[in-house]
Amino acid sequence: MSKRSVVFLDLDMTLWDKELIIPKSAASSIEKAIEKGNLVFLNTGRSRGNTHYRDLEALPLSGMLCACGGHIEYEKKILKETLVPWETVKKALHIFSEEHMPVVVEGRDAHFMNREDFDNDPYVSTLWKRLGSFAHTLSELSEKDAVNKFSCDITAKTDFFRVKSLLSDDFDFIDHNGVVVEIVPKGLSKAKGIQDLLSFTGDDPENVFAFGDSMNDLEMIESAAHGIAMGNAAPLIKEKADFVTTDIHEDGIKNAFLHFGLI
């Protein structure tokens, strides 16, 4: 097996901040790590349709793991694609409607949402604007669209127990503080995505470095040989990590890369 290191970077508040700004030190560290012979992958909960940003695409990444491991790219080739069957999409949307859960349908090629369902939520308004031509209303969703996962708000009218009981055969749920939930096809996770990627590359799991900050990074941080929490990470992520680096705005990625000899 290769002695090279394989690095997996969460995106939001790990590689870039709330304004989608990637620290220069992080970008240069990725370039240096790859020049040294290592692999560096994005590993994000976002579906591929929400990663088409100039600064992100300018990075010399080895590939991307999107939609919590449901979409895997390596050297610009798609190695894996897990899609939600159309009948299951329709079933889920019906349940979300019954339970007053505004939804963003996240796809490989586009996202679908009704902004008015989110009560002018600034996050959704900003998402719509940033997605540009990749944003569509729910009425535009059809069987031909590739759906990876859903993100929903949990409202005061939501019976979340019922939602899980009706959908648990098909999906896993990543609960963000009882306010937002990511709903992904059963068995998918960022950690499983890493396992699947390594089965293609043949790299040693002992050479894996995983960076994250939020709850959908927990399994990845726990299972990686080297789990690294950002300085701005949730307390539980820091607790489970092997190493806690500095804040995203304090050269967190660069400092961890230096600490582990990745650059």
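Rules of the game
- Residues numbered from 1 in each chain as written.
- Predicted model: local features only at pLDDT ≥ 70, side-chain atom pairs only at ≥ 80, totals over all residues.
- Heavy atoms only, no water.
- Core = buried A, V, L, I, M, F, W, Y, C linked by side-chain atoms within 4.5 Å.
- Buried < 20%, exposed > 50% of the residue type's maximum accessible area, 1.4 Å probe, protein only.
- Helix = DSSP H or I, 4+ residues; strand = E, 2+ residues; numbered from the N terminus.
- Pairing = 2+ DSSP bridges.
- Contact = heavy atoms within 4.5 Å.
- Axes fitted to C-alpha atoms, helices over the stretch in contact; angles between N-to-C directions.
- Salt bridge = Lys/Arg side-chain N within 4 Å of Asp/Glu carboxyl O.
- Arc of directions from axis to C-beta.
- Right-handed = clockwise from strand over helix to strand, strands pointing away.

Enquirer: Teacher, can you tell me more about the nonpolar core here?
Expert: In globular proteins that are soluble, nonpolar side chains generally tend to be buried together. Ranked by internal contacts, the top residues of the largest apolar core, which has 36 residues, are L9, L15, L56 and F211. Residue assignment for this core shows that the elements contributing at least two residues are β1 (6-9), α1 (24-35), β2 (39-43), β3 (63-66), α4 (122-131), β12 (208-212) and α9 (252-259). A total of four residues in this core trace back to one element, the largest contributor, which is α4. In terms of nonpolar packing, the next biggest core, distinct from the first, is built from 21 residues, F96, V103, A110 and L141 among them.

Enquirer: Would you take a moment to explain the sheet that holds β2 for this structure?
Expert: Strands in a sheet are paired, the pairing made by backbone hydrogen bonds, and the direction either parallel or antiparallel. Sheet architecture is open: eight strands sit in the order β5-β4-β3-β2-β1-β12-β13-β14, paired in mixed fashion. A strand with exactly one partner marks an edge of an open sheet, and here the two such strands are β5 (77-81) and β14 (243-244). Strand direction decides the pairing type here: β2 and β3, joined by three bridges, are parallel. Pairing of N43 across the sheet is with L65, part of β3. In the packing of helix α6 (residues 190-201) onto the sheet, the strands contacted are β1, β2, β3, β4 (71-74), β5 and β12, and the crossing angle to β4 comes to about 35°.

Enquirer: Could you clarify how one ought to interpret the pairing of β4 in this entry?
Expert: The two faces of the sheet receive side chains in turn, since in a regular strand these alternate between them. Side-chain alternation along β4 places H71 and E73 on one buried face and I72 and Y74 on a second face that is also buried. Sheet analysis places β3 next to β4, joined by four bridges and oriented antiparallel. Counterpart to G63 in the pairing with β4 is Y74. Joining the antiparallel neighbours β3 and β4 is a turn of four residues, in which A67 adopts a positive phi near 55°. Pairing of β4 with β5 involves four bridges; the strand directions are antiparallel. Paired with I72 across the two strands is K80, which belongs to β5. A loop of two residues connects β4 with β5, the two strands running antiparallel in sequence, and E75 in this loop sits at a positive phi of about 55°.

Enquirer: Help me understand the pattern of salt bridges in this model?
Expert: It is possible for side chains bearing opposite charge to pair when their charged atoms get close. Counted by the stated rule, this structure contains 18 salt bridges. With a shortest N-O distance of 3.1 Å, E87 and K90 are connected by a salt bridge. Separated by three residues within a single helix, E87 and K90 lie in helix α3 (residues 86-98), roughly one turn from each other. Judged by its relative accessible area of 55%, E87 is exposed. A residue is classified by how much of its surface remains accessible, and K90, at 37% relative accessible area, is partly exposed. The residue K192 makes a salt bridge to D196 at a minimum N-O spacing of 2.8 Å. Of this pair, K192 and D196 both sit in helix α6, four residues apart, roughly one helical turn. Relative accessible area serves as the criterion here: at 30%, K192 is assigned to the partly exposed category.

Enquirer: For this particular structure, what's the right way to read the sheet that holds strand β11 (residues 180-185)?
Expert: An order of β8-β7-β6-β9-β11-β10 is seen for the six strands of this open sheet, with the pairing classed as mixed. Single-partner strands in this sheet number two, and they are β8 (135-136) and β10 (171-176). Here β10 runs beside β11; their pairing, made up of six bridges, is antiparallel. Bridge assignment links D172 to a residue of β11, and that residue is V184.

Enquirer: What should I look at first to understand α9 in this one?
Expert: Residue pairs three or four apart in sequence face the same way in an α-helix, which turns once every 3.6 residues. For α9, the full list of buried residues reads G252, I253, A256 and F257. The arc that holds every buried residue of α9, seen down its axis, measures 130°, which confines them to one face. Buried positions along α9 lie against β1, α1, β12, β13 (226-229) and β14. Two residues or fewer past α9, G261 is found with a positive phi of approximately 70°.

Enquirer: Teacher, can you tell me more about the pairing of β12 here?
Expert: Taken across its five residues, β12 has five buried, putting it largely inside the fold. Of the two faces of β12, both are covered, the one formed by V208, A210 and G212 as well as the one formed by F209 and F211. Note that β1 and β12 share four bridges and pair parallel. Each residue of the ladder has a partner; that of V6, found in β12, is V208. Pairing of β12 with β13 involves four bridges; the strand directions are parallel. The residue of β13 that forms the bridge with A210 is G227. Each parallel crossover has a hand, and for β12 linked through helix α7 (residues 218-223) to β13 it is right-handed.

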